[in-house]
Amino acid sequence: MAGAMDLPPKGGFSYDYCRRNAMLADKGLKMPGFLKTGTTIVGLVFQDGVVLGADTRATEGPIVADKNCEKIHFMAPNIYCCGAGTAADTEAIWSARSFNFTVMQLVVNHEFYQGHVSAALVLGGVDVTGPHLHTVYPHGSTDTLPFATMGSGSLAAMSVFESQYKEGLTREEGIQLVADAIRAGIFNDLGSGSNVDVCVITKGKTEYLRNHQLPNPRTYVSSKGYSFTKGQTEVLYTKITQLKPKVEVTEGDAMEE
Amino acid sequence: MDGSHASGSKVAAADGPGTQRTQYPYVTGTSIIALKYKDGVIMASDTGASYGSTLRYKSVERIKAVGKHSLIGASGEYSDFQEILRYLDELTLSDHMWDDGNSLGPKEIHSYLTRVMYNRRNKFDPLWNSLVLGGVKKGPKGEEKYLGMVNMIGTHFEENHIATGFGNHLAIPILRAEWREDMTFEEAVKLVEKCLLVLLYRDRSSINKFQIAKITTEGATIYPPYSLKTYWGFSAFENPSQGAVGSW
């Protein structure tokens, strides 16, 4: 009988190249560095539940790949998870059940990925025992906290939380503080940017406020609009090469079956 | 950014038999925070100096007065800071011996330090510090406040608020959001304490003993050290594994 810890053949990573990589590193090959996710994600507990927040910038190295991606993922109607990259994988592989999510993520990170991906998550939700906020780190450790930040913008966001968080915040105060923290990440961290997404989870109700704030609007839009009519670009030279006459269609197989 | 852990980058260049320029910092101070306010410049730091991961010295002054018009604060290697203070002593002494009624202002001292730092970096023998230079001196437009910094590779600039080390990541977001022109001394102290408290919580090499210094037209004042009150009473801290069986 397959144990709960057995990896399905397609899951996790293949470690077959580890020995080769170690040998290459010995010979002087420089391995690509481990990059911290370009992101600011936060969560806090307020009097009626939890508020999660995230920026919306997805980066591929120095380039912004997606200006408005979604980093707050649905886990269950009363549990949402902020993360990037692997969090999406996690959503695909495991669907939401009445599991203890942090333990599952711990297993996934620890057994599957063994810390090789930056699955840094801020997981929040409300159940019968009250509001909960957890963080899960790449190697699988978890924390239960009153407020948490993750990602490259986590220090900027944490400075806002550490100076302004108190227990028993109202819903409006909680959303305001989360938005302030994400904005600190957006404007002070190069890996984070664009807009603020917020998710408020309370007993019985969840509000996903997509693009709750848009503090980076496009400041110049041409009033004439952008249309590119024919003739706008000067054509210097035209040469048309017919491909069809060069193609020979021969009957029969060129190769043996 | 200065390396406040002993694993700073090693730059070894053998100059000849028996000489080496391998360098990493040994005894290091952490962040300095500084900002301009109505009457001048305020600068603050903790009084700790670490030896790698050990908190070795707990009563170290990392902010000193320079001449009549300036304050210098340093993070990074403490012995290099002491050397820089000696250079500044020589500088201010010769300045005084001119006996011409003029004295070096903060801008001049900053410029001097920039040259020193940049030239040392070019010789692959840096002074492993981030220096913050603040002061007030009468200029053509009246009393002019000045605040700038220079680091171990010679990068230098002027700003209304400065933070070094971990302060770059934790304090600058707060300063950028809350600094205003013409703050009173009390408001400036409150803002600085806000930053120092966040650093105390989140920077492993900071300690709960701080010194605030200010420089105004009246001169430099370095206040005696004091501690900040920390808060640990969150209900989530009382019983952390209550909501998450199996976590730690």
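Look up a bit, the structure's there.
What you see is a predicted model; the values in this text were computed from it and never measured.

1. Quick look at the side chain of T40(A)
Residue and element names in this part refer to chain A. As for its placement among the helices and strands, T40 is situated in the loop between helix 1 (18-26) and strand 1 (41-46). Given the relative accessible area of 0%, T40 is considered buried. A polar contact of 2.7 Å, which involves the side chain of T40, links it to the side chain of S192. Each residue touching T40, except ones within four places of it in the same chain, is listed here: G53, A54, D55, M150, G153, A157, A181, I182, G185, I186, D189 and S192.

2. Some words on the sheet that holds strand 11 (residues 196-202) of chain A
Residue and element names in this part refer to chain A. With antiparallel pairing, the five strands of this open sheet are ordered in space as 10-1-2-11-12. Strands with a single pairing partner mark the edges of an open sheet, and in this sheet they are strand 10 (147-150) and strand 12 (205-213). Put simply, the sheet's adjacent strands are angled 10° from each other on average, direction ignored. Relative to strand 2 (residues 49-54), strand 1 runs antiparallel, the two being bridged by six bridges. Pairing of V42 across the sheet is with G53, part of strand 2.

3. Things to note about the interface of chain B and chain A
In this complex, chain B contributes 24 residues to the contact, which on the side of chain A involves 25 residues. Between chain B and chain A, roughly 1,900 Å² of surface is buried when both sides are summed, and carbon and sulfur atoms account for 61% of that area. At the surface where chain B touches chain A, the tally comes to one salt bridge. A salt bridge links E162(A) to R202(B); the shortest N-O distance between them is 2.8 Å. Seen at the junction of chain B and chain A, the total is four residue pairs in polar contact (both at pLDDT 80 or more). The set of elements that each furnish at least two residues to the side of chain B that touches chain A consists of helix 3 (167-170), helix 4 (172-178), helix 5 (185-202) and helix 6 (235-238) of chain B. It is helix 4 of chain B that contributes the most residues to the side of chain B that touches chain A, five residues altogether. Here the side of chain B that touches chain A is built from residues that sort into 15 nonpolar, five polar and four charged.

Analysis parameters
The residue numbering used here restarts from 1 in each chain and proceeds along that chain's sequence as written. Here chains are named by letter from A upward and ligands by number from 1 upward, in the order in which they appear as written. In view of the model being predicted, local features appear only for residues whose pLDDT reaches at least 70, and side-chain atom pairs are presented and counted only at 80 or more, with totals across whole chains, interfaces and linings using the full set of residues. Think of the side-chain values as coming from all heavy atoms in the structure, minus any hydrogens and water. In this text, helices come from DSSP runs of H or I with a minimum length of four residues, and strands from runs of E with a minimum of two, each type numbered from the N-terminal end. Burial status follows relative accessibility: with a 1.4 Å probe on protein chains alone, a residue under 20% of its type maximum counts as buried, one over 50% as exposed, and anything between as partly exposed. Whenever a nitrogen or oxygen atom comes within 3.5 Å of another N or O atom, the pair is scored as a polar contact, on the condition that within protein one atom can donate a hydrogen and the other can accept it, and that pairs from neighbouring residues in sequence are kept only if both atoms are in side chains. Whether two residues are in contact is decided by their heavy atoms: any pair within 4.5 Å suffices. Two strands qualify as a pair provided that DSSP identifies no fewer than 2 bridges between them. Angles here are taken between N-to-C directions and fall from 0 to 180 degrees, while the axes themselves are lines fitted to C-alpha atoms, restricted in helices to the stretch in contact. Accessible area that two parts lose when put together, with a 1.4 Å probe and added across both, is what the buried area reports. Every case where a carboxyl oxygen of Asp or Glu lies within 4 Å of a side-chain nitrogen of Lys or Arg is listed as a salt bridge. Under the convention adopted here, Pro, Cys and the residues Ala, Val, Leu, Ile, Met, Phe, Trp and Tyr are nonpolar, Asp, Glu, Lys and Arg are charged, and Gly plus all remaining residues are polar.

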